[in-house]
Amino acid sequence: MVSRPAFVLIVCCLSFGTSAVPVRGDEDAPLPPDAPDNRVMVIQWDAELKSGQTVVTRVPLGAVLEFSETNGSWKWIAAAKGWINESHVVPIGRAIQHFDARVKNEPSSQTFHERGIARVALGQHEAAIEDFSEAIKREDSNLAAVNDRGNAHRYLGNADAAISDFSRVIDGDVKHPGVFVNRGLARQMKGMLDKAIDDFNAAIQLDPKFAPAWEAGGSSRYESGDFTKAYQNYRKAIEIDPNFARALNNLAWMLAVCPDEHYLDGAEAVRLATKACQLAEFQDAGFLDTLAAAHAENGQFEQAVIRAKEAIEKADDKRKSDIRERLQGYEAGKPYRQPPVASGV
């Protein structure tokens, strides 16, 4: 049996549509061809992406990648600038079928855990929780599955269940900064900002260069109205990882909409938000929303309107209404200001 690492990070990439080809008005347009789905899911723990003999990076089981070229048994992943062997991936449409077969042939804590990871990558969080729970039932020492179940609970808004799972991992003497960040984020969901910051600080003590802990601490401090420390946290996260898109986005949001005008900086907000959008290939609704707010703070209302409309196209229904409200302000030549933090938070 292949050993599994203690914790895994699920990553995904985005696929893009193609533009339509115009036809003469007196012709019947052909039906659109079946667009090839070039996404694959990684089915090996820590699969290697290589260039020649050099290992460019390693990607976790469950990662969803998009390839643009095939050369023999290798697929080119442009986003990572490396080749992955086809034996380490399956087409995205057959991913669950692959892991179903693994579970059937070898029903174990590891195979249920693996299928749960795959389901998380596909957005099937409730089914993933069932798989993680079965993995834990079969091997209660599988704390990686407990951690992953906690993340699935957190995604679904089940903060109490998530905190319980992360605490179980921490109580199991797992010294990994990511687990403390996970619990801190779940505590932040419940408004337990002081306890959340305690968790983020514990993660930093374990690894001072763990950028997600600095970014998450910035988020909690911004929410509590401690803008100076929030700014410092975001800057530290970006110093550690200049391509940390979420940190870039969150600092840009602060510089664009902060209720304390002392921190507003439209030009810097545009720079940071643009880089975050570039890293996400302009496909993230939240990042586009931030870029719109940054343009508005910088007095570039035409660009703000364009980006806000792009964000609306990509956003879920709940976020659409919020962005539409901001869009109305941009159309009227007004930047968006976040309401002041409530007293006592």
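Residues numbered from 1 in each chain as written. Predicted model: local features only at pLDDT ≥ 70, side-chain atom pairs only at ≥ 80, totals over all residues. Heavy atoms only, no water.

Student: Help me understand unusual backbone geometry in this model?
Tutor: Both trends apply: most residues other than glycine have a negative phi, and most peptide bonds are in trans. Its identity as a non-glycine residue notwithstanding, Asp 46 has a phi of 55°, on the positive side. Along the chain, the position of Asp 46 falls in the loop between strand 1 (39-42) and strand 2 (47-51). The partly exposed category is assigned to Asp 46, whose relative accessible area is 42%. In the Ramachandran plot, Asp 173 falls in the positive-phi region, its phi being about 70° despite a non-glycine side chain. Along the chain, Asp 173 falls in the loop between helix 5 (159-171) and helix 6 (177-189). (Helix = DSSP H or I, 4+ residues; strand = E, 2+ residues; numbered from the N terminus. Buried < 20%, exposed > 50% of the residue type's maximum accessible area, 1.4 Å probe, protein only.)

Student: Help me understand the environment of Pro 212, please; the structure alone is not making it clear to me.
Tutor: Position of Pro 212 relative to the elements: it lies in helix 8 (residues 211-224). Classification of Pro 212 as partly exposed rests on a relative accessible area of 25%. For the pair Pro 212 and Phe 244, spaced 32 residues apart in the sequence, the C-alpha separation amounts to 8.5 Å. When neighbours within four sequence positions are excluded, Pro 212 is seen to be in contact with Val 181, Phe 244 and Arg 246. (Contact = heavy atoms within 4.5 Å.)

Student: Just checking my understanding: could you explain the packing of aromatic side chains for this structure?
Tutor: In this description, a pair of aromatic rings is defined by centroid distance and the angle of the planes. Tallied over the entire structure, the rule returns 4 aromatic pairs. Relative to Phe 227, the ring of Tyr 222 has its centre 5.3 Å away and its plane inclined at 55°; by these criteria the two rings are tilted. With respect to burial, Tyr 222 and Phe 227 carry one shared label: buried. Site record: aromatic cluster; members linked through ring pairs are Tyr 222, Phe 227 and Tyr 263. Positioned above the aromatic ring of Phe 67, the side-chain terminus of Lys 75 is 4.3 Å from the ring centre. One cation-aromatic arrangement involves Arg 326 over Tyr 336; the distance from NZ or CZ to the ring centre is 5.0 Å. (Phe/Tyr/Trp six-rings, centres within 6.5 Å; stacked < 30°, edge-to-face > 60°. Lys NZ or Arg CZ within 6 Å of the ring centre and 35° of its normal.)

Student: What should I look at first to understand helix 9 (residues 227-240) in this one?
Tutor: Since the α-helix turns once every 3.6 residues, residues separated by three or four places project in the same direction. Between the first and last C-alpha of helix 9 there are 20 Å, a value that for 14 residues agrees with the 20 Å anticipated at 1.5 Å per step. Every buried residue belonging to helix 9 is among Phe 227, Ala 230, Asn 233, Tyr 234, Ala 237 and Ile 238, and all of these are buried. Buried residues of helix 9 fall within an arc of 130° about the axis and therefore sit on the same side. Tucked into the core, helix 9 has its buried residues touching helix 8, helix 10 (245-257) and helix 11 (266-279). (Expected span 1.5 Å × (residues − 1). Arc of directions from axis to C-beta.)

Student: How should the environment of Trp 45 be read in this particular structure?
Tutor: One can find Trp 45 in the loop between strand 1 and strand 2. As a C-alpha pair, Trp 45 and Ala 63 span 18 residues in sequence and 9.9 Å in three-dimensional space. Within the structure, the side chain of Trp 45 is placed 2.9 Å from the side chain of Glu 114, a separation counted as a polar contact. (Polar contact = N/O pair within 3.5 Å; in protein donor to acceptor, adjacent residues only side chain to side chain.)

Student: I keep staring at the sheet that holds strand 8 (residues 89-91) and nothing clicks. Help me out?
Tutor: Two orientations exist for strands paired in a sheet by backbone hydrogen bonds: parallel and antiparallel. The 3 strands are arranged 4-1-8 in an open sheet whose pairing can be described as antiparallel. Of all strands in the sheet, those bounded by a partner on one side alone are strand 4 (64-66) and strand 8. This sheet shows a mean twist of 40° between the axes of neighbouring strands, independent of strand direction. As defined by bridge partners, strand 1 adjoins strand 8 across 3 bridges and the pair is classed as antiparallel. Bridged to Val 42 within strand 8 is Val 89. (Pairing = 2+ DSSP bridges. Axes fitted to C-alpha atoms, helices over the stretch in contact; angles between N-to-C directions.)

Student: Can you walk me through the confidence of the model for the protein in this structure?
Tutor: The predicted coordinates ought not to be read in detail in places where the model reports low pLDDT. Across the protein, pLDDT averages 90, with 88% of residues at or above 70. Contacts of residues 1-33 to residues separated by more than four positions or lying in other chains number 49 contacts, the stretch itself having pLDDT below 50. (pLDDT = per-residue confidence, 0-100.)

Student: Would you take a moment to explain the pairing of strand 7 (residues 82-85) for this structure?
Tutor: Each regular strand carries side chains that alternate between the two faces of the sheet. Side chains Gly 82 and Ile 84 of strand 7 all project onto a buried face; the interleaved residues Trp 83 and Asn 85 project onto the opposite face, where all are buried too. In terms of strand pairing, strand 6 (residues 74-77) meets strand 7 through 4 bridges, oriented antiparallel. Looking at strand 7, one finds that Trp 74 is bridged to Asn 85. Taking the residues that link successive antiparallel strands as the turn, the strand 6-strand 7 hairpin has 4 residues, and the phi of Lys 81 there is positive, at about 55°.

Student: Help me out: how do you make sense of helix 14 (residues 317-331) in this one?
Tutor: Between its first and last C-alpha atoms helix 14 spans 21 Å; for 15 residues at 1.5 Å apiece the expected length is 21 Å, and the two agree. The set of residues buried in helix 14 consists of Lys 320, Ile 323, Arg 326, Leu 327, Gly 329 and Tyr 330. Packed against the buried residues of helix 14 are helix 10, helix 12 (285-297) and helix 13 (301-314). Where helix 14 terminates, the next one or two residues include Gly 333, which has phi positive at roughly 75°.

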